[in-house]
Amino acid sequence: MPKLKTKRAAAKRFKVTGTGKLKRNKANKSHILTKKTTKRKRGLRKATMTDKTNEKNMKKILPYL
């Protein structure tokens with residue numbers, strides 16, 4: 001079998017934690033921020049874990065991460 005290529009777009013967006021879970025940043029923080037509340041924007045700063053339903057697909061496109 002040849003080596004698998006990592007999808008670079010995904011590799012830039014995800015980090016693997018010590019327990020093997022995928023950490024990601026939240027979306028909707030780049031523009032149109034005036035109508036969003038301060039509380040909402042503050043919550044968007046924090047990183048979160050990738051949902052279980054997507055984790056299998058993410059591991060497939062990030063074979064060596």
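Numbering of residues starts from 1 in each chain and follows the order in which that chain's sequence is written. Selection of residues for local features in this predicted model requires a pLDDT of at least 70, selection of side-chain atom pairs for listing and counting requires 80 or more, and totals for whole chains, interfaces and linings are taken over all residues. Side-chain numbers come from the whole structure's heavy atoms, not from hydrogens or water.

### What about unusual backbone geometry?
Among all residues except glycine, the phi angle is most often negative; among peptide bonds, the trans geometry is most common. Definition in use: Per the convention used, a helix needs a DSSP run of H or I reaching at least four residues, while a strand needs a run of E reaching at least two, with both numbered from the N terminus. For the exposure calls, accessible area comes from a 1.4 Å probe over protein chains only, and a residue counts as buried if that area is under 20% of its type's maximum, exposed if over 50%, partly exposed in between.
In this model, asparagine 28 sits at a positive phi of 70°, which is unusual for a non-glycine residue. With respect to the helices, strands and loops of the structure, asparagine 28 is situated in the loop between β2 (22-24) and α2 (38-45). Positive phi, close to 55°, is recorded for isoleucine 32, a residue that is not glycine. Mapped onto the secondary structure, isoleucine 32 falls in the loop between β2 and α2. Given a relative accessible area of 47%, isoleucine 32 falls into the partly exposed group.

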